[in-house]
Amino acid sequence: MTNDEIWKAVLGEMETSLSRANFITWFKNTTIVARDKAAIIVSVPNGFIKEWLENKFNKKILQSIRTLNPEIREVRYSIGKPKLDFIKQDFSKIIFERELEDKNDVPLDSDVDKATNLNKRYSFDSFVVGSNNELACAACVAVTKNLGKLYNPLFIHGGVGLGKTHLLQAVGNKVAEYRERRILYVPAERFSANIVDAIRNKSIEDLKNQYSHLDLLIIDDVQFFAGKEKMQEITFSTFNELYGKNKQIVFSSDRPPRAIPAIEERLRSRFEGGMIADIGVPDFETRLAILKQKLIGKNLELDSEVLSYIATHMQKNVRELEGALNRVVAFNQVYNKIPDIKETKNILTSYLNTPYRKTSPQSILKAVADFYNISSNDLLKRSRKKEVVKPRQVAMFLLREETKLSFPEIGQKLGGRDHSTVIHACEKIRSESAIDEPLKQELVLIKERVYNSSDR
Ligand code: ADP
Ligand code: MG
């Protein structure tokens, strides 16, 4: 047997006895680099893994090798460059990969009801109420008790990762609980895709028909409808049909109806016709309570100092807060040790300093263009139309704030403009955003997009 064959067999055996995430953590980039009659040398990427394999897995690895080659009596581990590209594995990377693997391990879809698209994980019980979401949550609960009668439609808006989807799903789950109801939860993006498919298959009437028989229709992230006329038309007619029958509709968006660009006035006025509630950023107490809620069922007790540290440093949104907590939990699983405050600081420092918060001029331009529903190209053109002048100035401002580009470089990126134009734009947006609340909000929302988009 060749070294490769032996090692493959060992890996195959180890893989069956470990979780996928663990397996990847310990055995990625390992290989046999040398063998003599009685010993095998395995190369590993770093000292941390070496120690772990020696102490925790050596016996099993040796056993496994000996079933193939009984003469081998010893396995040694050496830190070195395996045949494949050596990937530097610092601590944060290990944790990060674990997270990714964990996500792949348990496809979220497995908990999702195929007919309603509802995920049981999102309930009112697991939703922490604070002053930032009190009204939105109360409105959602009220809707479940007075379906189609009290607030119709209910429109929830708030920034990324603040709990809109959670609340909307909780509405669906609650309603599903106590009566036989036809419910559909659908992200606007999927709603659109269904419509496009139906148009292609000439089954649009069937689709409309399906929607019109619902008791509760929940459409998440309707800002996505901006500029999509056909979607708006079908949403509008579906809405009218359901509304006329006292059937409940719930919408969410990352901004209030007024701020959604390129949306027909009649649809906007429908959005505004019921109850509008917003979700804001949670305060410290609420963040702490959310952390405690998220720890339930994780079988891990963290020091209160550790919890406050996380709550203090993860202020932006709940998704990020949860992400930080997951890292701490992963640490516990990997090292089998409850992290103390020093280790927590370490984990979070690497979390905050990883490429996570880096951005590129391209992603800023894209986020600005998407937000204002124009093309990135429009930002570069010479046009002086109002619809593009403001987005262009915002883009300049954000490029200056979020990247290290100089004024002339920014001018260059935006279709070769003079640096004085850039300076003027940056000053204008800076001073206006200090007094103009909607503009300030827009900047926050765009930045959220920049830092939350996957193609950063
Ligand atoms: P949005 O749809 O607004 O982008 P999500 O509903 O997806 O945000 O929330 C992001 C994550 O934060 C989810 O895992 C959700 O369960 C959690 N979350 C947000 N707000 C709360 C809260 N008040 N209590 C418990 N979990 C929350
Ligand atoms: Mg959402």
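Here, the structure is the one placed above.
None of these values were measured; they are calculated from a predicted model.

1. Side note on empty space enclosed by the protein
Going through the model one piece at a time under the given rule, you end up with one cavity of 30 Å³ or more. If you add up the space inside the largest cavity, you get close to 30 Å³. Lining the largest cavity, in full, are Leu 217, Ile 219, Thr 235, Thr 238, Phe 239, Leu 242, Ile 249 and Phe 251. Of all the elements in the fold, those that place two or more residues in the lining of the largest cavity are strand E6 (216-220), helix H9 (229-244) and strand E7 (248-253). Element by element, the count of residues in the lining of the largest cavity is highest for H9, at four residues. Along the lines of polarity and charge, the residues of the lining of the largest cavity split into six nonpolar, two polar and no charged.

2. Things to note about the sheet that holds strand E1 (residues 31-35)
Spatially, three strands are ordered E1-E2-E3 in an open sheet, and the strand pairing comes out mixed. Edge positions in the sheet fall to E1 and strand E3 (74-79), since each has one partner strand and no second. Averaged over neighbouring strand pairs, the angle between their axes works out to 30 degrees when direction is ignored. Across six bridges, the pairing between strand E2 (residues 39-44) and E3 is parallel. Within E3, the residue paired with Val 44 across the bridge is Ile 79. Against the sheet, helix H1 (residues 3-17) contacts E1 and E2, and its axis sits at roughly 135 degrees relative to E1.

3. With respect to the sheet that holds E7
With parallel pairing, the five strands of this open sheet are ordered in space as E5-E6-E7-E4-E8. Looking along the sheet, the strands with just one partner apiece sit at the ends: strand E5 (183-187) and strand E8 (275-279). Pairwise comparison of adjacent strand axes, ignoring direction, gives a mean angle of 15 degrees for this sheet. Along the sheet face, helix H6 (residues 164-178) touches strand E4 (154-158), E5, E6, E7 and E8 and points at about 165 degrees away from the line of E6. Strand contacts of H9: E6 and E7, with the helix running at about 145 degrees to E7, the strand carrying the most contacts.

What counts, and at which threshold
- Residues numbered from 1 in each chain as written.
- Chains lettered and ligands numbered in written order.
- Predicted model: local features only at pLDDT ≥ 70, side-chain atom pairs only at ≥ 80, totals over all residues.
- Heavy atoms only, no water.
- 1 Å grid on protein atoms, 1.4 Å probe; cavity = no way out; pocket = protein on both sides within 12 Å on 5 of 7 lines; lining within 4 Å.
- Points joined across faces, edges and corners; volume = space filled by probe spheres on them.
- Helix = DSSP H or I, 4+ residues; strand = E, 2+ residues; numbered from the N terminus.
- Nonpolar A, V, L, I, M, F, W, Y, C, P; charged D, E, K, R; others polar.
- Pairing = 2+ DSSP bridges.
- Axes fitted to C-alpha atoms, helices over the stretch in contact; angles between N-to-C directions.
- Contact = heavy atoms within 4.5 Å.

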